[in-house]
Amino acid sequence: MTPHARIRPLRLDLGEKLRALNWALVLLVPILGLVGYLVLYSAAGGAHAPWAWRHAVRLAVGTLVMLAVALTDVRLVYRFAYPVFALCLLALMAVDIAGTLSKGAQRWLDLGPVRLQPSEVTKVALVLALARYFHGLRIEEVGRPSALLAPLGMIGLPAVLVLGQPDLGTAVMLVAVGGTVLFLAGVRIWKFLLAGAAVAAALPVIWANLRDYQRERVLTFLDPERDPLGAGYHILQSYIALGSGGVWGRGLLGGTQAQLDFLPEKQTDFAFALLAEETGFVGAVLLLSLYATMVFIAFAVALRCEHHFGRLLAAGLAVNLALYVTINVGMVAGLLPVVGVPLPFVSYGGTAMFASLLGLGLVLCVDVHRRVPLPRHPGDPPA
Amino acid sequence: MRPDLDRAKLFTRRAVVVGAAQLAAFGALVVRLWQLQVRDGARYAELARDNRVAIRFLAPPRGRIFDRRGRPLAVNVPTYRVRLVRERAPDLDTTLARLARILPLPPRRLAEVRRQALARRPFVPVTIRDDLSWEELARIAVHLPELPGLLLESALLRDYPHGPVLAHILGYVGPVAKEDLRRDPDPLLRLPEFRIGKTGLERTYDRRLRGRAGRVEVEVNAVGREIRAISRDEGEAGEDLEISLDLELQRFCFDRLARERAAAAVVLDAVTGAVLASASIPGYDPRPFTNGIDARTWRQLVGNPLHPLVDKCIQGQYPPGSTFKMVTAIAALEAGLVSPGYEVFCPGYLDLGNTRFHCWKRGGHGRIALVQALAQSCDVYFYDLARRVGIDALAATARRFGIGERFGVDLPGERSGLMPTRAWKRRRFGRPWQKGETLIAGIGQGFVLATPLQLAVMTARLCNGGRAVRPWFVRDRFPEAADPTGRSWPSLELPRAGLEAVLRGMYETVNGRLGTARASRLDLPGIAMAGKTGTSQVRRITRKERLTGAYREEKPWEERDHALFVCYAPFEAPRYVVAVVVEHGGSGARTAAPIARDIMRRTLEIDPAETGVLTAALARGKDRG
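Predicted model, so just to flag it, every value in this text is computed and none were measured.

Visitor: Sorry, what's going on with the overall build of chain B here?
Guide: The secondary structure content of chain B amounts to 23 helices and 19 strands. The buried share among the 625 residues of chain B stands at 52%. For chain B, long-range pairs separated by at least 24 residues make up 73% of all intrachain contacts whose partners lie at least 6 apart in sequence.

Visitor: What am I meant to see in the overall build of chain A here?
Guide: Helix and strand content of chain A: 16 helices and two strands. Relative to all contacts within chain A whose residues are 6 or more apart in sequence, the contacts with residues 24 or more apart total 73%.

Visitor: How do you make sense of the pattern of salt bridges when you look at a structure like this?
Guide: Once the charged atoms of two side chains with opposite charge are near each other, the side chains can pair. Residue and element names in this part refer to chain B. Enumeration according to the criterion identifies 42 salt bridges over all chains in this entry. For Arg-71, the salt bridge goes to Glu-248, with nearest N and O atoms at 3.8 Å. Placement of Arg-71 in the loop between strand S2 (65–66) and strand S3 (72–84) and of Glu-248 in helix H10 (residues 247–257) is noted, with a sequence separation of 177 residues between them. Taking the relative accessible area as the measure of exposure, Arg-71 reaches 25% and is therefore partly exposed.

Visitor: What am I meant to see in a nonpolar patch on the surface here?
Guide: Residue and element names in this part refer to chain A. Taken together, the side chains of Leu-87, Leu-90, Met-93, Ile-97 and Leu-157 present a nonpolar region at the surface, about 490 Å² in accessible area. Looking at which element gives the most residues to the nonpolar patch, the answer is helix H5 (residues 81–101), with four residues. Locating Leu-90 in the fold gives a position in helix H5.

Visitor: Got a minute to help me understand the sheet that holds strand S11 (residues 263–269) of chain B in this structure?
Guide: Picture the strands of a sheet paired through backbone hydrogen bonds; they go either parallel or antiparallel. All names here are of chain B. The five strands are arranged S12-S11-S19-S18-S17 in an open sheet whose pairing can be described as antiparallel. This sheet does not close on itself; its edge strands, each paired only once, are strand S12 (275–281) and strand S17 (530–536). Mean inter-strand twist for the sheet, computed between neighbouring axes without regard to direction, equals 5°. Pairing analysis gives six bridges linking S11 to S12, with the strands arranged antiparallel. By the bridge assignment, Val-267 is partnered in S12 with Ala-277. On the sheet, helix H20 (residues 496–511) packs against S17 and strand S18 (562–569) and is oriented at approximately 75° with respect to S17. On top of the sheet, helix H22 (residues 588–606) reaches S11, S17, S18 and strand S19 (576–582); it is set at about 145° to S19, its chief contact.

Visitor: Would you mind showing me how to read unusual backbone geometry here?
Guide: For residues besides glycine, phi is generally negative; the peptide bonds are generally trans as well. All names here are of chain B. Along the chain, Ile-281 connects to Pro-282 via a cis peptide bond; the corresponding omega equals -5°. With respect to the secondary-structure elements, Pro-282 resides in the loop between S12 and helix H11 (295–303). Of note in this structure, His-584 is not a glycine but carries a positive phi near 55°. Relative to the elements of secondary structure, His-584 occurs in the loop between S19 and H22. A positive phi angle is found at Asp-607, which is not glycine, with a value near 55°.

Visitor: Explanation requested: the packing of helix H14 (residues 271–304) of chain A against helix H15 (residues 308–332) of chain A in the structure shown.
Guide: Helix-helix packing is described using two parameters, namely the angle between the two axes and the distance between the axes. All names here are of chain A. Where H14 contacts H15, the axes come no closer than 9 Å and their chain directions differ by 165°. Overall, the two elements H14 and H15 adopt an arrangement that is roughly antiparallel. Two packed elements cross with a definite hand, and for H14 against H15 that hand is left-handed. Packed against H14, whose contacting residues are Phe-272, Ala-273, Leu-288, Tyr-291, Met-294, Val-295, Ala-298, Phe-299, Val-301 and Ala-302, the element H15 presents Arg-311, Ala-314, Ala-315, Ala-318, Val-319, Leu-321, Ala-322, Val-325, Asn-328, Val-329 and Val-332 at the interface. Taken together, the residues of the contact of H14 with H15 break down into 19 nonpolar, one polar and one charged.

Visitor: Got a minute to help me understand the packing of aromatic side chains in this structure?
Guide: For any two aromatic rings, the description comes down to two numbers: the centre-to-centre distance and the angle of the planes. All told, the structure shown has 21 aromatic pairs over all chains when counted by the stated rule. On the numbers, 6.3 Å between centres and 70° between planes, the contact of Tyr-239 of chain A with Tyr-44 of chain B is edge-to-face. A residue pair is termed interchain when its members come from two chains, as with Tyr-239 of chain A in helix H12 (residues 232–245) and Tyr-44 of chain B in helix H2 (residues 41–50). Given a relative accessible area of 8%, Tyr-44 of chain B falls into the buried group. The interplanar angle of 70° and the centroid separation of 5.1 Å between the aromatic rings of Trp-424 of chain B and Phe-447 of chain B together place this pair among those described as edge-to-face. Here Trp-424 of chain B is found in helix H17 (residues 422–429), whereas its partner Phe-447 of chain B is found in the loop between helix H18 (435–442) and helix H19 (452–463), with 23 residues between them in sequence. For Trp-424 of chain B, a relative accessible area of 13% translates into the label buried.

Visitor: Whenever I open this one, the nonpolar core confuses me. Can you help?
Guide: Generally speaking, a soluble globular protein has its nonpolar side chains buried in company with each other. Within the largest apolar cluster, 142 residues are counted, with the highest numbers of intra-cluster contacts made by Tyr-381 and Val-580 of chain B. Residues lining this core come from more than one domain, with at least three contributed by each of domain 1 (55–242) and domain 2 (247–285 + 306–624) of chain B. With residues near it in sequence (within four places) discarded, Val-580 of chain B still touches Leu-257, Ala-264, Ala-265, Ala-563, Leu-564, Phe-565, Ala-592, Ile-595, Ala-596 and Ile-599 of chain B. Grouped together as the second largest cluster of nonpolar side chains are 128 residues, Ala-70, Ile-155, Phe-183 and Met-294 of chain A included.

Visitor: Could you clarify how one ought to interpret the interface of chain A and chain B in this entry?
Guide: Where the parts come together, the accessible area they lose is often given as the size of the interface. If you look at the interface, chain A gives 60 residues, while chain B gives 45 residues. Seen at the junction of chain A and chain B, the total is zero salt bridges. Looking at the side of chain A that touches chain B, the elements with two or more residues in it are helix H6 (118–135), helix H9 (168–185), H12, helix H13 (256–259), H14 and H15 of chain A. When residues of the side of chain A that touches chain B are assigned to their parent elements, the largest contribution, 14 residues, is made by H14 of chain A.

Visitor: Looking at this structure, how should I read helix H5 (residues 134–143) of chain B?
Guide: The periodicity of an α-helix, 3.6 residues per turn, causes residues three or four positions apart to be oriented the same way. All names here are of chain B. Every buried residue of H5 is listed here: Glu-136, Leu-137 and Ile-140. All buried residues of H5 project into a common sector of 100° when viewed along the axis, lining one side. For H5, exposure combined with an orientation more than 90 degrees from the buried face picks out Trp-134, Glu-135 and Val-142. On its buried face, H5 sits against S3, helix H3 (92–102), strand S4 (126–132) and strand S5 (150–159).

Visitor: Explain the packing of H14 of chain A against helix H16 (residues 350–368) of chain A to me, please; I cannot follow it from the model alone.
Guide: All names here are of chain A. Where H14 contacts H16, the two axes come as close as 9 Å, and the packing angle between them is 35°. Crossing of H14 against H16: the hand is left-handed. Contacts between H14 and H16 involve Met-294, Ala-298, Val-301 and Arg-304 on the former and, on the latter, Leu-360, Val-363, Val-366 and Asp-367. Class assignment for the residues of the contact of H14 with H16 results in six nonpolar, no polar and two charged.

Visitor: Would you mind going over the environment of Val-341 of chain A with me for this structure?
Guide: Residue and element names in this part refer to chain A. Along the chain, the position of Val-341 falls in the loop between H15 and H16. Of the residues examined, Val-341 reaches a relative accessible area of 1% and is grouped as buried. The spacing of Val-341 and Asp-269 is 72 residues in sequence and 6.2 Å in space, taken between C-alpha atoms. Not counting chain neighbours up to four residues away, the residues in contact with Val-341 comprise Gly-169, Met-173, Asp-269, Tyr-324, Ile-327, Asn-328 and Met-331.

Visitor: What should I look at first to understand the side chain of His-55 of chain A in this one?
Guide: Residue placement: His-55 of chain A occurs in helix H3 (residues 52–71). Leaving out residues up to four positions away in the same chain, His-55 of chain A has contacts with Gly-33, Gly-36, Tyr-37, Leu-40, Phe-345, Val-346, Ser-347, Tyr-348 and Met-353 of chain A.

Visitor: Would you explain helix H16 (residues 391–400) of chain B in this entry?
Guide: All names here are of chain B. Residues of H16 that are buried: Ile-391, Leu-394, Ala-395, Thr-397 and Ala-398. Angularly, the buried residues of H16 cover 165° about the axis, an arc narrow enough to put them on a single face. Structurally, H16 contributes buried residues whose contacts are with helix H13 (325–334), helix H15 (379–389), H17 and H18.

Visitor: Can you help me understand the environment of Leu-219 of chain A in this one?
Guide: All names here are of chain A. Tracing the backbone shows Leu-219 in helix H11 (residues 212–222). A relative accessible area of 29% places Leu-219 in the partly exposed class. As for Leu-219 and Pro-337, which are separated by 118 residues in sequence, their C-alpha atoms are 8.5 Å apart.

Visitor: I would appreciate a short explanation of the confidence of the model for chain A in the present structure.
Guide: Fine structural detail should not be taken from predicted coordinates in areas where pLDDT scores are low. Of the residues in chain A, 86% reach a pLDDT of 70 or more, and the chain-wide mean stands at 84. Considering only residues more than four positions removed or in separate chains, one finds that residues 1–7 of chain A, a stretch of pLDDT under 50, has one contact.

Visitor: Help me out: how do you make sense of the state of the cysteines in this one?
Guide: Note on terminology: a disulfide is the covalent bond linking the sulfur atoms of two cysteines. Residue and element names in this part refer to chain A. Scanning the model with the defined rule gives zero disulfides over all chains in all. Not engaged in a disulfide, the cysteine Cys-365 finds its nearest cysteine sulfur in Cys-305; these two sulfurs lie 9.7 Å apart. In this structure Cys-365 comes out as buried when scored by relative accessible area, which is 1%.

Visitor: Help me understand the side chain of Thr-451 of chain B, please; the structure alone is not making it clear to me.
Guide: Here Thr-451 of chain B lies in the loop between H18 and H19. In this structure Thr-451 of chain B touches Cys-313, Ile-314, Gly-316, Gln-317 and Arg-415 of chain B, once residues within four positions along its chain are discounted.

Visitor: I keep staring at the environment of Leu-357 of chain A and nothing clicks. Help me out?
Guide: Residue and element names in this part refer to chain A. Of note, Leu-357 is situated in helix H16. Sequence separation between Leu-357 and Pro-344 is 13 residues, and the spatial gap between their C-alpha atoms is 9.0 Å. Contact partners of Leu-357, with chain neighbours within four places excluded, come to Val-29, Leu-59, Gly-62, Thr-63, Met-66 and Phe-345.

Parameters at a glance
- Residues numbered from 1 in each chain as written.
- Chains lettered and ligands numbered in written order.
- Predicted model: local features only at pLDDT ≥ 70, side-chain atom pairs only at ≥ 80, totals over all residues.
- Heavy atoms only, no water.
- Helix = DSSP H or I, 4+ residues; strand = E, 2+ residues; numbered from the N terminus.
- Buried < 20%, exposed > 50% of the residue type's maximum accessible area, 1.4 Å probe, protein only.
- Contact = heavy atoms within 4.5 Å.
- Salt bridge = Lys/Arg side-chain N within 4 Å of Asp/Glu carboxyl O.
- Patch = residues over 30% accessible without salt bridge, like charges linked within 9 Å, V, L, I, M, F, W, Y side chains within 5 Å.
- Areas by Shrake-Rupley, 256 points an atom, 1.4 Å probe, with all protein chains shown as cover.
- Pairing = 2+ DSSP bridges.
- Axes fitted to C-alpha atoms, helices over the stretch in contact; angles between N-to-C directions.
- Parallel < 35°, antiparallel > 145°, perpendicular 65-115°, else oblique.
- Left-handed = near helix turned anticlockwise from the far one by under 90°.
- Nonpolar A, V, L, I, M, F, W, Y, C, P; charged D, E, K, R; others polar.
- Phe/Tyr/Trp six-rings, centres within 6.5 Å; stacked < 30°, edge-to-face > 60°.
- Core = buried A, V, L, I, M, F, W, Y, C linked by side-chain atoms within 4.5 Å.
- Domains from an automatic or database assignment.
- Arc of directions from axis to C-beta.
- pLDDT = per-residue confidence, 0-100.
- Disulfide = S-S within 2.5 Å.

The structure is reproduced here in structure tokens:
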């Protein structure tokens, strides 16, 4: 097989890009956004304020950003992968410092009118940086232990910073997403087993360093009846919300668990419980299949991409999205501890929405530019 | 290009594994949802329908505050309020319109209630009006069936039956502010009706007065209406406080001072440090603060030039004037520079370099020793002592008497006054200390500032034999306060003979033939009081005024001198201390001394420390008669 069997265009024009756009994936965004709108409308007791309309505005603006990212040349994305990641790390440090100064947990960066939660964007930036790193590595090099130092640092540094905020959920997600990218890049399985053993050994130390409320959450997860009116209360109320939804649900605005405020955080982390109460098993499974479709389209994008950067990027972002959904729904359904991970496109929250759309925009970008040649190192002949 | 092909193949293989894992995870979620929603759905639906446990926090009754004889100073009174639950009113406007017909409500308030009701979360009641009278309560209760959505509730409201008399001491409670929430995780603070101590003792002892939140678990039916309480934890009522004040004496002080525009008086137990009365004029009414004061009243209080919100006893800082002369005397005696018999010739002035420092008495006092120098308040005598002692030694002694020190009294906002030193002046102004400033400080003028409480403590530490008492309102404020003999307070190690001469000087001030406060002798048989006048300049007398004598004429109020008086009684067995400051009162002897005398007489009559001194004196008088 000759390397240049096909003529590969170095630059695409806008028309070509728009034609190459994965419209199925694009179309899923407004559909999920509409679900989010209805959930937030219901969470406010049947009112567009205070959440639903802002959600819609953010979605509209975010979609434009997503399309802009999708049409950006992938080589530009490649070049800026590290700077974007570094910027995210700086923002995380700024949040930690601000949190120390105000003597409390802080996940926000106050930028006047906009409050930014850098940890959400960091997940996307991490995948970007790891994809960039492994793109430049030959398969033999991946096997070298020394080649793993840099990616482990890329995962570990933000995870530690986020843990200090303290945000256990995001830290776990960073490690999980980063680990999956390492796996996809070809890191040996026994190394993962070794890492797993190391984590198991470190568990007692981690436990000792958790905040009281974090321990409480883990214990409550293990046994929700432990304190039915304290920390277990939320989980129990969430169960009741899900369960009472039944097969067909109680109708929009008909869920008493949500409408009478038994359900905590129903506009953010427990939004799925509201949806499941009011639209039942059918609605919940439908929503899950929408997410599954989105995830598998992203996987398909990864598989048909012709450069390694795009493959890892799209697959990593697909995993990221799947993890969001799995952790959030798992938490609401009592399969996982309450860790504060939002449901993409549905939970109320600007930065999470922006980060999700940014990730999706990158997947679309990979798909549009799947045949664009990317050199392994700057100056190399196209791979 | 083999390497890239290799890694693409490996990627594909592993991507299939990851994809399968994700599919499995989604499958697990679906199975879990099926368990909860389909298999167990009926059970949970029943739970949702019947067994809805909601948790409501209960505010415990706030601890009450009593005076030293158990008379209530701050209490909780039941109050009735009418509230609105939007969800239970089929027609909000009709309900409100009907209510307005039986309860006078301004249209602005109605609009506000309507707005709040629509903005709040479902089933959270909106208060329409607090503090309903019995008649209003009855009227609403009768019409309640026609007023769906309305709720009558009773609650405890903080009340201060003595109003302005105790406002500065007790402070007041008010709605919880955002900063309070950040500082304090107590769930009580999140109750919308909860009130937190904002100033005074209410603030200092807020945690003790507050109590512990109670909790009810209530069953709520499908529309959110409470059916019954499942369990009820009443929490703990706040702790009651007994404070050192004597209500009767406090009221007397307040009323006696009220003839002046701005004044303060402190009565202290010289042995234990208990504050028996502490009045500051003008006062304010603490009651409107409980529900959040309106902006206009607030602006009026803050903008008032007489500062009614300021507790002048601990926050008013005045040059102590001649009341400071005892400290100058002790400093000189302690340093061994002079003896009580030390004499100075006073020609009416003292020259230092080419500056002339005047005595208040134009012609001078002639040859004079310590006791008479105090009694007649000769300035030159103390200029001389201060010059010998030097400012830093003088400041060290003054600080031991409490001037320039915070005592840690249990009221927030205590000011420290000011006792200058060389180092202080260099820090503050960047200029070296001037010798003349030492002279001025020696008569309690210039930079020296003291609060009325500090003057009272200074006097107490003199007359109780040199024990460093500290003032308190609640007995467990200081461990030493628990000792009724007062011997737990550390000794200041004052020179015995010198202290006796100083106290003799204070006796002569009030009882001597030439004493400046002779007109304010105590007219009780067999009990004598000792004291010291002070008149402190607000504005320096210009040379021209001194020459023309214009400074003796009537000046505008703000430019008149502050009038001060400190005293203690009985002279033979000192127990009570009174310090009075009348802002711009003109003269300590003419204005402050008579007030202090009246307060002292009343203190001896009430005898809060139960010394029995007056009854004994009266009995002695009868025996002799």
